[in-house]
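# Structural characterization, general
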Amino acid sequence: MSTVTGLVAILLYLLTTGYLIVSARRQPPAPGQPRGPLITWALALAVHLAALSQLVMTDLGLNLCLGNALAAALWLVAVLLWLAALRHPLAIMGVIVLPLTALALLVALTCDEGRRVATTPYVEIHIMLAALGWAFLALSTVQAAVMTAQHRALHEHHTKGIVRYLPPLFSMEMWLFRMIFVGWVFLTLSLASGMIFLEDLFAQHLVHKSVLSILAWVMFSVLLIGRWRFGWRGTRALAWTTGGFVSLVLAYFGSKLVLEVILQRV
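Everything numeric in this text was worked out from a predicted model, so none of it was measured. (Residues numbered from 1 in each chain as written. Predicted model: local features only at pLDDT ≥ 70, side-chain atom pairs only at ≥ 80, totals over all residues. Heavy atoms only, no water.)

### Considerations on the environment of Val 4
Mapping Val 4 onto the fold places it in helix α1 (residues 2-24). As a C-alpha pair, Val 4 and Leu 109 span 105 residues in sequence and 9.5 Å in three-dimensional space. (Helix = DSSP H or I, 4+ residues; strand = E, 2+ residues; numbered from the N terminus.)

### So, the packing of aromatic side chains
Under the criterion given, the structure shown has 6 aromatic pairs. Judged by centre distance (5.5 Å) and plane angle (85 degrees), the ring pair of Trp 134 and Phe 253 falls under edge-to-face. With Trp 134 in helix α5 (residues 121-155) and Phe 253 in helix α8 (residues 234-262), this residue pair connects regions lying 119 residues apart in the sequence. For the pair formed by Trp 134 and Phe 253, the shared burial category is buried. Between the aromatic rings of Trp 232 and Trp 240, the centroid separation amounts to 5.9 Å while the plane-to-plane angle is 25 degrees, which identifies the pairing as stacked. Joined through ring pairs, the aromatic side chains of Trp 134, Phe 245 and Phe 253 make up one cluster. Over the face of the ring belonging to Phe 177 we find Arg 227, whose NZ or CZ atom lies 4.4 Å from the ring centre. In this structure, Arg 229 is placed above the aromatic ring of Trp 228, and the distance from its NZ or CZ to the ring centre is 5.6 Å. (Phe/Tyr/Trp six-rings, centres within 6.5 Å; stacked < 30°, edge-to-face > 60°. Buried < 20%, exposed > 50% of the residue type's maximum accessible area, 1.4 Å probe, protein only. Lys NZ or Arg CZ within 6 Å of the ring centre and 35° of its normal.)

### Some thoughts on the packing of helix α2 (residues 36-56) against helix α3 (residues 66-87)
At a minimum axis distance of 10 Å, the contact between α2 and α3 shows a crossing angle of 155 degrees. Taken together, the axis directions place α2 and α3 in an arrangement best described as roughly antiparallel. In the packing of α2 onto α3, the handedness of the crossing is left-handed. Within the contact between the two elements, α2 uses Leu 38, Trp 41, Ala 42, Leu 45, His 48, Leu 49, Leu 52, Leu 55 and Val 56 and α3 uses Asn 68, Ala 71, Ala 72, Trp 75, Ala 78, Val 79, Leu 81, Trp 82, Ala 85 and Leu 86. Of the residues belonging to the contact of α2 with α3, the class tally is 17 nonpolar, 2 polar and no charged. (Axes fitted to C-alpha atoms, helices over the stretch in contact; angles between N-to-C directions. Parallel < 35°, antiparallel > 145°, perpendicular 65-115°, else oblique. Left-handed = near helix turned anticlockwise from the far one by under 90°. Contact = heavy atoms within 4.5 Å. Nonpolar A, V, L, I, M, F, W, Y, C, P; charged D, E, K, R; others polar.)

In short, the description is geometric, and any link to function would need to be established separately.
Put into structure tokens, the structure is as follows:
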């Protein structure tokens, strides 16, 4: 059943992506934000969650293989973007996020050899904080990349396509740093909870995650201070955001990629 449910969710994600692209190319442009795709988007999220619950929750514990972890993380990113799109004209960013989410879910459908992990409520709190921090910062990275493309398009007087559905750069920048700040707060809380709830945050199997997560926290802290004190923006903000997010990706998924894909270990 999880395979069928997952394939339905993937189809809905791709359908929503196509709907967004068609809406962005409509001539003349429809007034306001394209609302139709939000319905199929919500259905895709619900079906994705149903498939994910069957894939992750097993009688032997949580199956946290690479595919399941990616599918869960990107589901959370897609949820955050959908919630933001309900109030702000950001739905067009789904043409980037939704295909990646569909791809992650497709990988998860082939992931049945993951190591089962037994958790405690305190560890689950730590995992949730880390997941929320990752999701907000992932969405911030996508928005920073979109803002860079938006700035280039406006500079070259190309106002067709997705640019006409994006808010002004000033608003995009304001929301960007708000999301980065919220993600930084969750990342801070996840590091603090790890120090409290985990027996040894720098144990051999956790040291790379801890070091890279702390490095990401430092990079995002520098970015926020640079924004507050020196008004950092544009390519500098994109560089620090991307660097911090890459550190988080390596922290959360790097070891899984090496062990499960390259070394073929569970």
